[in-house]
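Structural features, examined
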Amino acid sequence: MDEWRAQLRAVVAAWDVSPEEQAAIVDELEQHLEQELAELSPRIGSSAAHDRIMSQISDPALRDASVRARHRPAASVVASRARAFGWAGIARDFRYGWRSLLGNPGTTAMAIIALALGIGLTTVMFTIIYGTLLRGLPFDEGDRIAVIMEANPSQGEPELQLSTHDFFAYRDAQSSFETFGAFTPITVNVSGTERPERVDGARVTAAALSVTRARPALGRAFRADDEMPGSELVVILSYPLWRDRYANDSSVVGRAIRVDGQEAMVIGVMPEGFAFPSSSRLWLPLHLDPSALPWGAGTNVSGVGRLKPRMTYAHARAELSHIAMRIEKDHPQANKGVRVVVQPFVRAVLRTQIYALLYAMFAAVGLVFLVACTNVANLLLARAASRAKEVAVRAALGASRTAIARQFLVEALILSLLAAGLGALVAQAGIAAFRAATVDVEFPFWCDFHLHPQVLLFVAFAALLASLVSGVLPAITAARSDLTEVLKDQSLGSSSHRSGRLSRTLVVFELTLSSALLVGAALTTKSMLNLRSVEPGFRSRDMMTGRITLSNGDSSSQAAFFNRLDEQVVRLFGATATSITSRLPGTGWNERRVAVAGRSYARAYDQPLVGHLAVSPGFFKAFEVRMLRGRPITIQDRMGAPRVAVVSQRFSEQVLPGMDPIGLRISLNARDSMPTWVTIVGVMPTLYASSPGLDPWPAEVITAFHQEQHNSASVAIATRGDGAFVAQSLRSLVASLDRDLPVYSLRSMSESLSQATWPLRVFGGLFVAFGIVALVMASIGLYAVMAFSTSRREREMGIRMALGAAGADVVRLVLRDAAVQLVVGVSLGVVLGVVAAHLGRAALYRVQPTDPAAIAVVVATLAAAGMAACIVPALRATRADPTRSLRAE
Amino acid sequence: MLGSDLKKGSAEFLVLSLLEHERRHGYELNKLIESRSKGVLTFHIASLYPMLYRMEDRGWIIGRWVEKTGERRRRFYAITAAGRRALEKLRHGWLEFAAAVAQVTGVTYG
């Protein structure tokens, strides 16, 4: 250390101020004197300049300067050390940290914004997961309500309802549940007072409703005698049905309404928000009577039970499995290979894909959060390195290593707390955006996407975690720095090589995570574009659709009704413009197993899975589906005529490769005791299908609607931009056929198609947001590290230029340095992204995880952003002044 | 060089004036005083910094460490609202004083 520096320290050490202030004052005076020395030396020679500096320091006026402690009463160094562990010390750390962060507003703002985005996005995702999975049912101890189902793995059946017999067998033998009931979802036509309406509901046993412990808001719940055969039909209304249809009239309790054409007495109204078991707006009693049925026949139901206090799921599973084995032994015919599945309600009701998707998104957002923390850690590291001297002086003046490390952690904590506040606002905006994007999506009834107190707790936790993750590295680096090394070093701490290496590693880490996220974002974006530009193979624009379900009459009268309906719509809208189908193409394909005549299949599982629709003759004209070979389904294909089918191109490639399908016979129910065989008469192009179990362009079988028995149908009518009028005409046409019959799900074909793709749109959009945020943060991180490391190398650059290097050479040198980090980070990230995309490829649509275009876009984007982040520091390096650098030696 | 008493009394006035429109660090303040007074007024650190700290204590100015990426942090001083009021008063007093001196001695500036 120079003599004058030591002297200055000694003088200031005698002042009556805190160690922090002493360090700051020494720093300030030292800079002043250094600058003066640099200016005087060339004019009057270095030793004369040195003398002048020394004379200033030895000025008694400096020693006796009456500098009072500015921020706290005078205290000795020893006392302040003792206090550093108390509350006062922490309060001082906060004050000092706050001032020091304010001193560098640019970096501070960047760090806060990065963290706020990370915390905000993580919170949005957590809110979605919390509202869907974790919060659970809004009932007393809702997590103890279990759903009991069966599965038959040997037949490839992961999910089966319970047969009536199995339900009673479990119910009567089990001791794990305090209540054990059954339900089955239904959709009924409600009529009577006003226009008829189609209502989703459930048939439930009395126990199934009491499992929830919810009480009716009006009237009473079901009793066991409501389920008895021959008892009067009763019905319980949901709050929204009571409000909308009966105008909150409490006298409706005790009155009769018509449900599926039958008189039913209203006995109660459930409280607001109650829609158990799934979006139910009405409940009917479930009559189950196994006595007259062979084992396995009759109504299939889902079991639902509430665990007894202190009883666990594991115990219940073990007990019910035992019962299932006994049933299998007693009734091998019906129950061979059948296993029982006991799951918490929420887990059982949500599809596995949704589960996987939500957790995949959470993992992705976790990566964004990590990138944000890494970013902040990097900014703090750079600060720590440029403050190496300040830290060393503080240490020299008696600050312990813990005190120094704590100071850095406190600064990270202040950053995180500010970021958490801002992040909560980001989250609020994000949740609002999510709700807006999914406004027409029907979520399970218990879903509730708000910033719950638990979510805010999560934000606070995330902030603490962020401060730990991002503060701990700089804290350790700062505390470990070698005092004498730093103080000896003239060049603003080039001894920070260690932290430089650490920063580089962090940047590579950041780049890895960001490029992995960007690969995901690029692949989902491409999936979305593919989906949007999908040519479904049938007309989807200007089609109005509606659905009708018959609840009365036998199968022949129902067939007669649909024949009449077909005639009427053809007469009203024209033969080429209307179609009656079992369900709508696109979203309504039924998943069936197909058998080809003459082939044998050991298990149901071995039969190929196909999509199935039944259509009226108008289908091919109305949906503009041209035949590739053979003939379409025509008006001659009616009841009594030989049964026919049309298959898709994909079907003939997949199921009948190398064969002429025309004339072959297939069956969709080959395992029934009376299978129906149909003859293939035509081949059509493959149509788009959006169905969880099917490929988007699957093997398809189309049969003749009028050759089968259906109790429900979708009607599709081509419009000329007059959808509303067409919908109204259809409604009055149906009313003229049956006054009690509602037409529901009235919507355009394109609406029904886009509704099926919302998860990809919403979560794809979120993913893209994640990717962009990560990209921005990685660029900021790269910029900060490059700016910092070039400033460290200013002298080296100056010397290089003095020795004849051109500016371009220096730029190249800096960029090469950055390029190494970019190449390593991006390569690792792309590999990581591809591996992750491979695991989640179910969410992709017509994109391979290794899609070269998507990967090229990611690499190019990151390279461009990375280079842009480095160009400014590189250019700054070229301005290094050779003479100044040399003089400093 | 000017007498030290007179210098001392006017030093705070000088600093406040220099900070009126811009924040500056200590070295810059000293250089400005030196160059604008054509070398007549100079300060040593022994007088400049203790004075700055006193002024900060009084709430006339506020010092903040400012860091720029890649540069060493520096302490910049800015004038506060109280500092502006003090500056007004000093300016007023100075004018009165100068006018009085001029009247008594017949010396005018310029």
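Presented here is an overview of the structure given in this document. (Residues numbered from 1 in each chain as written. Chains lettered and ligands numbered in written order. Predicted model: local features only at pLDDT ≥ 70, side-chain atom pairs only at ≥ 80, totals over all residues.)

The helix and strand inventory of chain A stands at 29 helices and 24 strands. For chain A, the residues scored as buried account for 45% of the 889 residues in total. Taking the intrachain contacts of chain A between residues at least 6 apart in sequence as the baseline, contacts between residues at least 24 apart amount to 83%. (Helix = DSSP H or I, 4+ residues; strand = E, 2+ residues; numbered from the N terminus. Buried ≥ 20, exposed ≤ 12 C-beta atoms within 10 Å, placed from the backbone. Contact = placed C-beta atoms within 7 Å.)

On to the interface of chain A and chain B. Taken together, the contact pairs 29 residues of chain A with 22 residues of chain B. Top element by residues in the side of chain A that touches chain B is helix H2 (residues 19-44) of chain A. It accounts for six residues. When grouped by side-chain class, the residues that make up the side of chain A that touches chain B number eleven nonpolar, twelve polar and six charged. (Nonpolar A, V, L, I, M, F, W, Y, C, P; charged D, E, K, R; others polar.)

Residues and elements named next belong to chain B. If you trace the three strands from one edge of the open sheet to the other, you get S1-S3-S2, paired in antiparallel fashion. Every interior strand has two partners, whereas the edge strands, strand S1 (24-25) and strand S2 (61-66), have only one. The sheet contact formed by S2 and strand S3 (residues 74-79) spans six bridges and is antiparallel. Across the sheet, the residue bridging to Gly 63 is Tyr 77, located in S3. Against the sheet, helix H3 (residues 45-57) contacts S2 and S3, and its axis sits at roughly 110 degrees relative to S2. (Pairing = 2+ DSSP bridges. Axes fitted to C-alpha atoms, helices over the stretch in contact; angles between N-to-C directions.)

Before going further, it helps to spend a moment on the packing of helix H20 (residues 555-573) of chain A against helix H23 (residues 723-737) of chain A. All names here are of chain A. Contact geometry of H20 with H23 gives a least axis separation of 11 Å together with a crossing angle of 140 degrees. Considered as vectors, H20 and H23 are oriented oblique to each other. Taken as a pair, H20 and H23 cross one another with a handedness that is right-handed. Contacts from Phe 561, Arg 564, Leu 565, Gln 568, Val 569 and Leu 572 in H20 reach Ser 729, Leu 733 and Leu 737 in H23. Residues that form the contact of H20 with H23 fall into these classes: six nonpolar, two polar and one charged. (Parallel < 35°, antiparallel > 145°, perpendicular 65-115°, else oblique. Left-handed = near helix turned anticlockwise from the far one by under 90°.)

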